[in-house]
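Breakdown of the fold
In case you want the letters, here they are:
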Protein chains: 2
Amino acid sequence: ELRDALVASFGDRLLAGRRVLVSAGPTYEDIDPVRFIGNRSSGRMGFAVAAAAHEAGADVTLVAGPVSLPTPVGVRRIDVRSAREMHEAVLANAATTDIYVGAAAVGDYRPEAPASDKLKKHDGQPLHLELTENPDIIGALAVLPSHPFLVGFAAETQSIADYAKDKLRRKGLDMIAANDVSAGRGFEVAENALHIYWADGDAVLPNMPKTELARQLVAHIADRYRTKRT
Amino acid sequence: ELRDALVASFGDRLLAGRRVLVSAGPTYEDIDPVRFIGNRSSGRMGFAVAAAAHEAGADVTLVAGPVSLPTPVGVRRIDVRSAREMHEAVLANAATTDIYVGAAAVGDYRPEAPASDKLKKHDGQPLHLELTENPDIIGALAVLPSHPFLVGFAAETQSIADYAKDKLRRKGLDMIAANDVSAGRGFEVAENALHIYWADGDAVLPNMPKTELARQLVAHIADRYRTKRT
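The written sequence of each chain sets the order in which its residues are numbered from 1. Chains and ligands are labelled by the order in which they are written, letters from A for the one and numbers from 1 for the other. Side-chain atom pairs in this predicted model are given and counted only at pLDDT of 80 or more, local residue features only at pLDDT of at least 70, and totals for whole chains, interfaces and linings cover all residues. Calculation of side-chain values draws on the structure's entire complement of heavy atoms; hydrogens and water are dropped beforehand.

Another point: the relation of the copies chain B and chain A. Copies are brought into register by a least-squares superposition over C-alpha atoms of residues with pLDDT of at least 70 in both. For the pair chain B and chain A, the relating rotation is 180°, the translation along its axis is 0.0 Å, and the fit reaches an RMSD of 0.0 Å. Both copies of the chain, as the preceding transformation shows, are related through a two-fold rotation axis. Across chain B, the rotation axis passes nearest the C-alpha of I37(B), at a separation of 2.2 Å.

Shown next as structure tokens:
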């Protein structure tokens, strides 16, 4: 079976000589100097993917949102806070990347006009927050004339398979990893399961520690990457 | 000088037999299962106050928002996420508390109706978030017929002294610690400075490690608490 063969041969350095760019963690969008809109990503899945890609022989750059995780050994790390900072860091590295894995939970929206001073509470009054869309990072990579092999994530609470396959096609990705984050799964936990899809196939990676899940995901990425290039 | 004398006599267990309740950390208000509104409090100041109160001989309960900090030795800890959960935990312990230190950065607002599924992005459309006020925790304690000695915090980016003194009076607190969080100070850092105020006096605690700052704050609290009771 593919998975077992790949896991067994992991020492063969499936990604030797490849340059892999991974985004990981949440992004935080400031409302004012104190408050922000965040999300529950711990960054563990992306950090595990970066570590697994390094193990597999790749030259790895990790663009990390605000997380409290140590940098995987041998991995180059760029820290960012907001979606726009992440967008900028990823695009700046796109030309020297063979494979991009977008594992970050990028905030879709940011406050239209962050306040430079802390907003005061107005007793009894509701507060309206106007949010505007952040740039679509993997979408921006997909429209580059010569773009990396693109692996996206879809973290959803419902209709996960349909949404993931639609996102794969719509954004022109090479692979997508669907992640069920309902009922406390996926985020802020050490284990996870993924269902990965590509244009003409799919694979289920059942619940397991994220470090091991990342190794199996990297093996599938290496396999599809090789297939696409030959 | 008061400070030196108190620091020197800290071994005298200034709060022996007193029951101290401390709130610490941020609160997170869920927008949907993935996104939330948070704030930059690391919880370090509140945790340091709990540790210092325990050192001073108090029986300490710590109500902690989502932080990644170890529980101080000898302290009873209750973990919460939202402002409403913190409100409930604090009020449930009020009757058995002599001194309350509200060091948490409680979210003033929460989304009016959190979504049970992840909100989808609607391309090009801004998003409106309607926020409603959270309960005022220290305000709820202040109106109890027999309430603990109340120590509040005011984290502001401007007009800090005026705002702190106004909050002291308006909410009927016994002491307030004003915390300048402009320009990256106060939040997410290991050092801090405080200016504390009570009805007929004030004291400046200059920039120092939060552990030491907490000891000096606790010494002032013990002093004012003793004065008030006699």
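This next bit is on the pairing of strand β12 (residues 201–209) of chain A. Residue and element names in this part refer to chain A. In this description, strands pair whenever DSSP reports at least two bridges between them. Numbering of helices and strands runs from the N terminus, with a helix taken as a DSSP run of H or I at least four residues long and a strand as a DSSP run of E at least two residues long. Note: strand β11 (residues 191–198) against β12, seven bridges, orientation antiparallel. Counted as the bridge partner of Y197 is D202 from β12. Hairpin remark: β11 followed by β12, antiparallel, with two residues in the connecting loop.

Residue and element names in this part refer to chain A. Each helix should span, by expectation, one fewer than its residue count multiplied by 1.5 Å. Helix length check: helix α2 (residues 44–55) (12 residues) gives 16 Å between terminal C-alpha atoms against 16 Å at 1.5 Å per residue, within 8%. A simple rule labels every residue: compare its accessible area, found with a 1.4 Å probe on the protein chains alone, to the largest value its type can have, and call it buried under 20%, exposed over 50%, or partly exposed in between. If you check which residues of α2 are buried, you get M45, G46, F47, A48, V49, A50, A52 and A53. Where α2 terminates, the next one or two residues include G57, which has phi positive at roughly 95°.

Our focus in this paragraph is the environment of G172(A). Residues and elements named next belong to chain A. Checked against the element boundaries, G172 lands in the loop between α5 (160–171) and β10 (175–180). The class for G172 is partly exposed, based on a relative accessible area of 36%. For G172 and L205, which are 33 residues apart along the polypeptide, the C-alpha to C-alpha distance reads 22 Å. We call two residues in contact whenever any of their non-hydrogen atoms come within 4.5 Å of each other. Those residues within four positions of G172 in sequence are excluded, and the remaining contacts are L150 and K167.

Geometry of aromatic contacts follows a simple scheme: Phe, Tyr and Trp rings, the Trp one being its six-membered ring, pair when their centres are within 6.5 Å, and the pair is stacked under 30 degrees between planes, edge-to-face over 60, tilted otherwise. Under the defined criterion, the tally for this structure stands at five aromatic pairs over all chains. Taking the centre distance of 6.3 Å and the plane angle of 70° together, the rings of F36(A) and F36(B) count as edge-to-face. Here F36(A), found in strand β3 (residues 35–39), pairs with F36(B), found in strand β3 (residues 35–39), and the two come from separate chains. Measuring from centroid to centroid gives 5.8 Å for F149(B) and Y225(B), while their planes differ by 85°, and the two rings are edge-to-face. Here the residue F149(B) occupies a position in strand β9 (residues 149–156), and Y225(B) occupies one in helix α6 (residues 210–229), the gap between them amounting to 76 residues. Of the aromatic side chains, those joined through ring pairs into one cluster are Y28(A), F36(A), Y28(B) and F36(B). Working rule: Lys NZ or Arg CZ, within 6 Å of ring centre, within 35 degrees of ring normal, means a charge sits over the ring. Residue placement shows R81(A) over the ring face of F36(A); its charged tip is 5.3 Å from the ring centre.

Here the focus is the sheet that holds strand β6 (residues 99–102) of chain B. Residues and elements named next belong to chain B. What the eight strands build is an open sheet, ordered β5-β4-β1-β6-β9-β10-β11-β12; its pairing is mixed. Unpaired on one side and paired on the other, β5 (76–79) and β12 (201–209) mark the two borders of the sheet. Each strand axis lies, on average, 15° off the axis of its neighbour in the sheet, ignoring direction. Bridge count for strand β10 (residues 175–180) against strand β11 (residues 191–198) is three bridges, and the pairing is antiparallel. Residue I176 lies in a different strand from β11, and its bridge partner there is Y197. The axes are straight lines fitted to the C-alpha atoms, using for helices just the contacting stretch, and the angles between their N-to-C directions are given from 0 to 180°.

Each partner contributes residues to the interface: chain B has 39 residues there, and chain A has 39 residues. Buried area is calculated as the accessible area (1.4 Å probe) missing from two parts once they are joined, with the contributions of both summed. Taken together, the two surfaces of chain B and chain A that pack against each other cover about 3700 Å², and 45% of this comes from carbon and sulfur. By definition, a salt bridge exists where a carboxyl oxygen of Asp or Glu is found within 4 Å of a side-chain nitrogen of Lys or Arg. Run the count over chain B and chain A and you get four salt bridges. Close ionic contact of D30(B) with R40(A) constitutes a salt bridge, the shortest N to O distance being 3.1 Å. Elements supplying a minimum of two residues to the side of chain B that touches chain A: β3, β8 (127–133) and β9 of chain B.

Moving on, we come to the nonpolar core. The criterion is simple. A nonpolar core is a set of buried Ala, Val, Leu, Ile, Met, Phe, Trp, Tyr and Cys residues joined through side-chain atoms within 4.5 Å. L15(B) and L217(B) are the most contacted members of the largest nonpolar core, which totals 41 residues. Top element by residues in this core is α6(B). It accounts for eight residues. Other than its neighbours up to four places away in sequence, L15(B) contacts V20(B), A53(B), A56(B), G57(B), A58(B), I99(B), V218(B) and A222(B). One finds A48(A), A50(A), A58(A) and V218(A) within the second-largest nonpolar core, a separate group that totals 40 residues.

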